[in-house]
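# Descriptive structure summary
Residues per chain, in single letters:
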Amino acid sequence: EALPTEAVKVLEDHVGMVKWADYVLCQCYLGFRPSEFLALDALNYNRKERAFVGGAKTDAGKDRVVTVSPKIQKIVDNLVADKVAGPVFCGEDGAQMKIKAYRSIFYGVLDACGIENPVEERDGVKRRKYTPHSCRHTFATLLSRAGVDEIKVKLLLGHSLKGNVTATYIHPTPADLAKEVKKLA
């Protein structure tokens, strides 16, 4: 599930007020898988181009270039300001954060920001509706709503150009669909 647009706005509003909200917001605008996000290193940040090179899961996703959105540029600038190397999205000790710690932080940020995250049962397993991986879906959905074509969405997500990313990662709302139908007028 992608985080709703309203939830992304709430995260934006809470940066600087809720600890770690900046990390969750950055993940929503970078689209890396949680493990890839936590592995982003200042060495792999191109300050001139304002882009990260990262990703690891598939051949299509390795070393992909993801430009930093203006929505999070100040946050990223602050995080890399004094770093030559080392994890950008690190723990308080400056070391790369473990995924288990980030998952806990993610849920705490949503709670502190008042973003509802119900536990749902799927296939007999209870899970939170939104997980850190939801930020990846959020990124794809935000790109789609901004009119980015599917090939560029695939490239930014590190997906193969074969297949359909839309059905898996882009979550249109009824308002999104209504907007498309109105184009028929």
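Above this text sits the structure in question.
Scope of this entry: the structure provided in the associated data block. Quick caveat, the model's predicted, so the values are computed rather than measured. (Residues numbered from 1 in each chain as written. Predicted model: local features only at pLDDT ≥ 70, side-chain atom pairs only at ≥ 80, totals over all residues. Heavy atoms only, no water.)

Right, let's talk about the packing of aromatic side chains for a bit. Applying the stated criterion to the full structure yields seven aromatic pairs. Aromatic side chains Phe 37 and Phe 89 sit 4.1 Å apart centroid to centroid with 25° between the ring planes, which places their arrangement in the stacked category. Taken together, the residues span a long stretch of sequence, with Phe 37 in helix H3 (residues 34-39) and Phe 89 in the loop between helix H4 (73-80) and helix H5 (99-113) at a distance of 52 residues. Across the pair, exposure class does not vary: Phe 37 and Phe 89 are buried alike. Taking the centre distance of 4.7 Å and the plane angle of 45° together, the rings of Tyr 45 and Phe 52 count as tilted. Tyr 45 sits in the buried class, given a relative accessible area of 7%. Here a set of aromatic residues connected by ring pairs shows up, and it is made of Trp 20, Tyr 23, Phe 37, Tyr 45, Phe 52, Phe 89 and Tyr 102. (Phe/Tyr/Trp six-rings, centres within 6.5 Å; stacked < 30°, edge-to-face > 60°. Helix = DSSP H or I, 4+ residues; strand = E, 2+ residues; numbered from the N terminus. Buried < 20%, exposed > 50% of the residue type's maximum accessible area, 1.4 Å probe, protein only.)

Nothing here speaks to function; it is all geometry.
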